[in-house]
Amino acid sequence: MIKLRQIEVLHAILSTGSVTAAANVLHVSQPAVSKILQQAERQLGFRLFVRDGNRLRATEEAQVLYREIEKIFPRIDAVQRLAENLKYGTGRTLRIVVLPSLAQTLLPAALADFKPAHPALDIELRTQHTQELVNSLILRDADLGFDFGGIDHPAIERRTLLVSEYLCVAPVGWFESGKVLTAGNLASRPRIRMTIADPLARRLIEPDARAFDEIPSSLSVQSYHAALELVRKGLGFALIDPFTALMKGSRDITVHRLDPALAMQFDCLVLRNRPASILDREMAERLARAAETTLALLKA
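Residues numbered from 1 in each chain as written. Predicted model: local features only at pLDDT ≥ 70, side-chain atom pairs only at ≥ 80, totals over all residues. Heavy atoms only, no water.

(A) Quick look at the sheet that holds strand β4 (residues 122-127). Pairing is mixed in the open sheet, where five strands are placed in the order β4-β3-β5-β12-β6. Lying at the two open borders of the sheet, with one neighbouring strand each, are β4 and β6 (156-165). When the angles between neighbouring strand axes are averaged without regard to direction, this sheet yields 20°. Where strand β3 (residues 93-98) and strand β5 (residues 144-147) come together, three bridges link them in parallel fashion. By the bridge assignment, I96 is partnered in β5 with L144. Here helix α6 (residues 106-114) sits on the sheet and contacts β3, β4 and β12 (263-271); the angle it forms with β4, its principal contact strand, is near 175°. (Pairing = 2+ DSSP bridges. Helix = DSSP H or I, 4+ residues; strand = E, 2+ residues; numbered from the N terminus. Axes fitted to C-alpha atoms, helices over the stretch in contact; angles between N-to-C directions. Contact = heavy atoms within 4.5 Å.)

Okay, structure coming up:
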């Protein structure tokens, strides 16, 4: 029985007129084309080409086969293109939902790295808070989500891309630059807190972090960017993700690590019964690299 690769080689030779030209079209070596051709002839039990001086001449049997191959080859080509589209996402839409802080920090760098490799891919980006983000995946309104270790749901599969720590941002002059801060250092200062739906808010009620949560607060916000802007106005300190803290350099704030450190995980989310595609995994890897590059600033 003739195989698909043998059909491709036969089609290429008959279309181009030579083994050398066929090898160039198929992006393989000339010996490889000759070997596949010989295998096809052995399996079929008759010659496909005969030597005519320095050229190959198609036999009558090869010409009959070619007429049939010409009918089916467009369909074979269509299947191959479909396979490429499924693998790399060409001709489809990748729907991404992320926290607002990620859209303002890591995602632009990741997309600048990712999009040129997939110019035909339509990317739809939405910013949502954790609960809405999870709901979008469950309702199949999104393909891929990224957050900071938020709500668990049986329908959602989480993959942690990296683990970091929350940082404290404070108005300039409140604390010595670079000082590691404890809850005791912060106790006499006003706090800008995150709403209860935020992963950090839930993290602060855990025993090892409860001292930070007990610091009084009369201001609450939904996004780390909003918290940062309030800090810049001198309204209080805030505990925020490291990407927002490190990528929003300003003379108005200082950035501090905490003691004890408050762990923060950066997760990729997909619907559990919809396995991540090659495209999804590539986007997650590029975003993880952007995160690692940013976090390297902490060690600099």
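Past the structure itself, the notes keep going.
(B) Expanded view of unusual backbone geometry. Look at the link from D259 to P260: it is a cis peptide, with omega at 5°. Inspection of the secondary structure assignment puts P260 in the loop between β11 (253-256) and β12. Residues other than glycine seldom take positive phi values, yet H27 does so here, at roughly 60°. Turning to its location among the elements, H27 is positioned in the loop between α2 (19-26) and α3 (30-44). For H27, a relative accessible area of 72% gives the class exposed. One non-glycine residue with positive phi stands out, namely R140, at about 60°. (Buried < 20%, exposed > 50% of the residue type's maximum accessible area, 1.4 Å probe, protein only.)

(C) Structural context of the packing of helix α1 (residues 4-16) against α3. The geometry of α1 relative to α3 is characterised by a closest axis approach of 9 Å and an angle of 115° between their N-to-C directions. It follows from the interaxial angle that α1 and α3 lie roughly perpendicular. Judged by the sense of rotation from one axis to the other, the crossing of α1 with α3 is left-handed. The residues of α3 that touch α1, namely those facing R5, Q6, V9 and I13, are V33, I36, L37, Q39, A40 and Q43. (Parallel < 35°, antiparallel > 145°, perpendicular 65-115°, else oblique. Left-handed = near helix turned anticlockwise from the far one by under 90°.)

(D) Main features of the nonpolar core. Residues F146 and F266 are the most contacted members of the largest nonpolar core, which totals 67 residues. Counting residues per element, this core draws most heavily on helix α13 (residues 278-299), at eight residues. Grouped together as the second largest cluster of nonpolar side chains are 20 residues, I7, L10, L26 and L48 included. (Core = buried A, V, L, I, M, F, W, Y, C linked by side-chain atoms within 4.5 Å.)

(E) Highlighting the environment of A201. With respect to the secondary-structure elements, A201 resides in helix α9 (residues 199-203). Among the residues examined, A201 registers a relative accessible area of 9% and is labelled buried. Put simply, A201 and E214 are 13 residues apart on the chain and 12 Å apart in space, counted from C-alpha to C-alpha. Ignoring anything within four residues of it in the chain, the contact list for A201 reads M194, T195 and I196.

(F) Layout of α3. The terminal C-alpha atoms of α3, which comprises 15 residues, lie 21 Å apart, in line with the 21 Å expected from a rise of 1.5 Å per residue. Turning to α3, its buried residues are V33, I36, L37, A40 and E41. In an axial view of α3, the angular spread of the buried residues amounts to 140°, which keeps them on one side of the axis. Exposed side chains of α3 directed beyond 90 degrees from the buried face belong to P31, K35 and R42. Packing partners of the buried residues in α3 comprise α1, α2 and β1 (49-52). (Expected span 1.5 Å × (residues − 1). Arc of directions from axis to C-beta.)

(G) Local environment of the side chain of E165. Structurally, the position occupied by E165 is in strand β6. Relative accessible area serves as the criterion here: at 12%, E165 is assigned to the buried category. Among the polar contacts made by the side chain of E165, one reaches the side chain of R257 at a distance of 2.6 Å. Ignoring sequence-local partners within four residues, the contact set of E165 consists of P242, R257, A261, L262, A263 and M264. (Polar contact = N/O pair within 3.5 Å; in protein donor to acceptor, adjacent residues only side chain to side chain.)

(H) Structural detail: the pattern of salt bridges. In total, this model carries 16 salt bridges according to the counting rule given. Close ionic contact of E206 with R203 constitutes a salt bridge, the shortest N to O distance being 2.9 Å. One salt bridge in this structure joins E282 and R286, with 2.7 Å as the shortest N-O distance. Of the two residues, E282 and R286 both sit in helix α13, four residues apart, roughly one turn of that helix. You'll find E282 and R286 in the same group, each marked buried. (Salt bridge = Lys/Arg side-chain N within 4 Å of Asp/Glu carboxyl O.)

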